[in-house]
Structures are given as C-alpha cells and as structure tokens.
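Commentary on secondary and tertiary structure
Okay, here's what each chain looks like letter by letter:
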Amino acid sequence: NARRWNCPELPDFSLLKRLARDRLIYLLEQLPGKKDLFIEADLMSSLDRIANVSTLKQHEVDKLYKVEYRPVVSTSDQLCFLIRPRIQTVKWICGESINVANADKAVGRLRKYHIIFTPQKFFACEAVLEEQGIFGDVTTDEWSFYLLPLDDDVISLELPEFFRDNFLAGDQRWVRTAGSALHLLHTLYGPFSKVYGIGRFSKMAYESWREQVEEGEQRARQAEIGTVFLIDRDVDYVTPLCSQVVYEGLVDDIFRIKCGCVEFGTEVTSDKSLKVMLNSQDKVFNEIRNEHFSNVFGLLSQKARNLQTAYDKRRGMDIKQMKTFVSDELKGLKQEHRLLSLHISASESIMKKKTQQDFQELLKTEHSLLEGFEIRESICFLEEHIIRQVNMMESLRLLCLLSITENGLLPKDYRSLKAHFLQSYGAEHLLTFSNLRQLGLLVEQPAGETLTVMESRVGKLVNDKTAGKLTGAFSSLAKKSNFRALSRKLNLVPKSDEEYDLRVPRDMAYIFSGAYVPLSCKLVEQVLERDGWTGLEEVTKLLNGQEFAVTGSIGADSSTKSDAQRIVIVVFLGGCTFSEISALRFLGREKGYKFIVVTTAITNSSRLIESLLGNIA
C-alpha cells in the first residue's frame, strides 16, 4: 500500500524551534548585564530542546537554578524567573523578592526582578503581584512558546495540566493557548482549507483561533497543510485506558518518555543510567517504534544480521577501500551498533515485566471488557487484583475501563469494588472516586428513573450561561459512555474468531493486538473518507454532539495544492498516546495521508489517572 501511494513530504517544523529560541533570546537581551535565571522544573526539558546552556550563557545568563520553592540564594543584581503562569509559583516569587529586598535594604543594595511567563501570562498572576504589593517592583514578560516539535510528525504544547484544568476543574484558560498554537501553525503552514472537530473544547479552541485570524492581516500564500481535525480527550477515554503494546507505547509506559527523551536505568544499560532521544533520527528505533511488541525481537535480530554483513565488507579490502570505509561508513555503523544493543536491552527489560503472569491476565481481562464477554469473571479478577494490592494504578485503570465499556457499574458491584479499593489503598481516595465520577470515568448505573431527573437538572445548569466554570465540571455528570453502541456502529472490536496476523496488520486494531480499533483514530478515518460528518449523525449523537465542519475557511484559497490536501493535522486536546500516533501513521500509509499529531501533551493510562488522584490543586 505504501508503494501505491506517493505520500507527500512533511513541512519543516524546525522553524517552530527557531522562532521560540529567537523570542527567548530577545527577552533575555531586554535585561542587559549578567543575570541569574530561575527555571520551573517542568520547563527544563522543553527549554533544553530550544536553547542549551551555552546559548543562555552567550546572552549573559550567569547561573541557572531550578525553582524549588526554597529561599533564593543569589549574588546577582538581576534575578530572572522563567515560569508557567501558576499562582503558587508567583506567590513564592513575591515572598522571596520581599525577603531578599528587605535584606538588601539593610546593606543599601537594589536588585531587579523580572518574570517571564510561558506560554502566556494570565491576569490572575498579575493580580497576585498587585495584592502582594510588588507589582511596580517586578517587570513581567511573555515567552509565547506554544509548540515544541518532538519529531517530524509530532508536536506538543507540553501542557499536561490542560487535561485536569479543563475537564475536571472547568478552568478554560488554556483554551486560548490552544487557539494561539493553531493560529501559529495556520500563519506558518496554512491557510487550512478544511477544519473538522468534535468536542466542547475543540469548538472553543477553533473559535479562539478564528478570532485571532480575523484580527490579524491576511496574506496569500501557498498552503503546506490542507486539513485540521480537532478532538477532545473525553470523546474517547477507552483508548488511553488500554494497555499499550506497540514498542514506543511500552517504552513510555515502563520508562516514561519525557519531552521526546527517555532515561534508561541500570536494568537496561548495566552501567549507569543514560538519556536517549527517541525520534526518527534513531534509525533502529524508527524501524520498530510502531511495531507490535511481538515483532520487535525478530526485527532487531534481522537488523543485527544486516549490521554484521556491513562490518564483514571490510574483509578483503585494499588500503584505499579501507580508508573510504573508515571515513564514510564506520562511524555510522558504530552508532547503529550502540543503538541496536540499547534497544535490545530495553526490549529484554520490557519482556521481563510484560511476560509475567499478572500482565497476561490483565490483558485477557482488558480484551474481555472490550468485547463485552465474561464480565462477571472480569469483576472477580478485578476484586482479587485490588485485595492483593498488586498495583493501584492498574486497578483504577481497569475499574474505569469496566465502567466505560459497561456504561456504568451495577450499584452492588460499584459499592463492593469501591469499599475494597478504599480498604486496600486508603480512604483519601474518596476524592479520587469523586473526580473519576465527575468525568464519567467511573460511575454507578443509576436506577431507571434517577438518570432522567439528574440529566434534566444538569441540562438546566449547562444551559444557564451564568454557570460559567461549573458548566464544564458538571456537564459530564449525565454523560453516558455508549461504548457498546459506538463499537457496533463503527466496528471497533473485530470478531475474535478471526485469525489476526500482527506481522501484517490489516487495520488499526493491531496496536491493541487486534482486539480494538481506537475510537479517536476511527473518527478521523471516517470523517476524511466522507469529507465531513454526513452519515455519522448516529455516531455523533452517541458522542453527545459538539461536532463541526468548516470548509474553505479562514483565509484559505481553493487552489490549495493537492499534496497539501493529503497532509492532515490531528489536534488532541487533553493528551494523546503513542499508540494513537502509531495507529495514525498506519492509517496514513494505508490511505495515502501524512498525519501530523499536535497534542497538549503525551499521555498514557498512568498519567491520565495520576492527574485525577486526590483533590484539585
């Protein structure tokens, strides 16, 4: 299929990095002279991808510190803070600047304080500065760093808090950020001729982006990207709750990929831990990243044989040929050899963890839940899993999967499982259960009449415009999952009696061992096939509506070249998994599209559930 289609070239997204770096350098140059830079911990990885330490030093950054909410120790006359717009961090800066200023006053010293907010500054943060009485003593700026390219076809806003803030707390401040990120892509690579979307926040982000386009000046240019598809994470919770079995997804689940980089510990390197960039530049990784794990060892051993053949070419060479071989090929072969042994060790480490009895049982239970078979046995397995305290996150994940696929738990099952869970892991998780219920992830099936009363009450609340933030928080209370009906309509669960060859996948279900086609990716496929939502009315009704389609919009020219029409940006608001990225790459190869995934952050089942533990920060 890949040969049949002449797939278009992807745009060059390194421009996004250059723009971000130039903007940061410009902001640092606004503070002439030496300065100490305090960086918020979760910005460090992103900053490292944009501007390394030597770049910062070239622009008179003297010392670098991590924001640790401890007393500031600095001898510099200029203190610069690079932070996310969080009230907690701003309050800490206020406290520290007041303490330092008082100490300075005693010795007649005057320092400058500067805060750079990224990706934008919020009014609430400036209000805190005013409240604390230091608004005039601190200068503020904004580093509009919206998009970080993690790979040729993956771009992240690196905003993991988007999910919790929007979907749980009903705080919509990041929607404007998502709109600005889309506006930046539209300005550099658009204009986009077709926009599709589903979900409340997708609609809001689209509106924000459209407003920004209308405010700015329109320039006619040749579009590099033709179509955008926006999707809210709550349209499909099943996919991120499933165990990942493609190589990149497993590496993320076990070792945690952060900002496109993974740290392999001594169980992989057998020496000291090692940070490795995972992207298409790594030739070994690029070949196995989207593969089902059962194929990985076969591919790696084939790669080892090819490498050995390349090394063996040296035999029988004369001096001139040997000289050419050493200067042209040897370095590349050695690098490939190093990466190969690293990925073989990582695969062995994954194998040890994933071939354990518990994991096989988990997978079997998961597939039963997706297919809707042996539900009673699955509940018994889950009960035992909780009582044995095997793994808290896995227990919560399976509870949520059971609830979504069955459209809620029977009251007696819900109470029994909840009681066992709280006894095993502590009563503080009452808050976790409350959060999961609020998002419709773990709910009790209501007795016949109750839901309609609740729905009507929530309906009134949702329609009341004065409800504001409460709308987002409560709208999901009445949300039914309708997974079974969706699964039948879109054929998400292939028939289990058919043999599924994972080496030659026939559809996107291969990313879950042939058990389930990810709903998010299926929607993308269907909408592109139909050129809109026509014919999917029943599906969108089951997904609580909020779908939209705009063609020939936002300054687009009908003469968008045909290559650009086959390049599609898929925007996930609330996070996207590596499995979904693999599924979209497969779909692209099958249908002749190139997909670019833009996500608020990379997520998986652990990150999703961790963000819902305990109380709202």
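What you are looking at is a predicted structure, and each value in this text was computed from that prediction instead of being measured.

Calculation criteria
Residues numbered from 1 in each chain as written. Predicted model: local features only at pLDDT ≥ 70, side-chain atom pairs only at ≥ 80, totals over all residues. Heavy atoms only, no water. Salt bridge = Lys/Arg side-chain N within 4 Å of Asp/Glu carboxyl O. Buried < 20%, exposed > 50% of the residue type's maximum accessible area, 1.4 Å probe, protein only. Helix = DSSP H or I, 4+ residues; strand = E, 2+ residues; numbered from the N terminus. Axes fitted to C-alpha atoms, helices over the stretch in contact; angles between N-to-C directions. Parallel < 35°, antiparallel > 145°, perpendicular 65-115°, else oblique. Left-handed = near helix turned anticlockwise from the far one by under 90°. Contact = heavy atoms within 4.5 Å. Nonpolar A, V, L, I, M, F, W, Y, C, P; charged D, E, K, R; others polar. Pairing = 2+ DSSP bridges. pLDDT = per-residue confidence, 0-100.

With that out of the way, let us pick up the pattern of salt bridges. This structure, assessed with the given rule, holds 31 salt bridges. Two residues, Arg-173 and Asp-165, come together in a salt bridge whose shortest N-O distance is 3.3 Å. By relative accessible area, which is 28% here, Arg-173 ends up partly exposed. The salt bridge partner of Asp-171 is Arg-173, with a shortest N-O separation of 3.1 Å. Among the ionic contacts, a cluster of salt bridges with common partners joins Asp-151, Asp-153, Glu-248, Arg-289 and Arg-585.

Residues three or four positions apart in an α-helix share a direction because the helix packs 3.6 residues into each turn. Of the positions making up helix 19 (residues 430-438), those classed as buried are Thr-432, Phe-433, Asn-435, Leu-436 and Gln-438. Of the residues flanking the end of helix 19, it is Gly-440, one or two places downstream, whose phi is positive at about 75°.

Here we come to the packing of helix 7 (residues 173-189) against helix 8 (residues 200-215). Two numbers describe how helix 7 lies on helix 8: the axes approach to 8 Å, and their chain directions differ by 55°. Classified by the interaxial angle, the pair formed by helix 7 and helix 8 is oblique. Here the hand of the crossing between helix 7 and helix 8 comes out right-handed. Within the contact between the two elements, helix 7 uses Val-175, Arg-176, Ala-178, Gly-179, Ser-180, Leu-182, His-183 and His-186 and helix 8 uses Phe-201, Met-204, Ala-205, Ser-208, Trp-209, Glu-211, Gln-212 and Val-213. Here the residues of the contact of helix 7 with helix 8 are counted per class, giving 8 nonpolar, 6 polar and 2 charged.

What follows is about the sheet that holds strand 12 (residues 547-551). The strand order across the open sheet built from 7 strands is 6-7-14-13-9-8-12, with neighbouring strands paired in mixed fashion. Two strands bound the open sheet, and with one partner strand each, they are strand 6 (148-151) and strand 12. Across the sheet, the mean angle from the axis of one strand to that of its neighbour is 20°, orientation sign disregarded. Pairing between strand 8 (residues 194-198) and strand 12: 5 bridges, direction antiparallel. Opposite Gly-197, over in strand 12, you have Phe-548 as the bridge partner.

Right, let's get into the confidence of the model for the protein. On average, the protein scores 85 in pLDDT, and the residues at 70 or more come to 87%. Within the model, pLDDT remains below 50 along residues 449-478, and this stretch shows 26 contacts once partners closer than five positions in the same chain are excluded.

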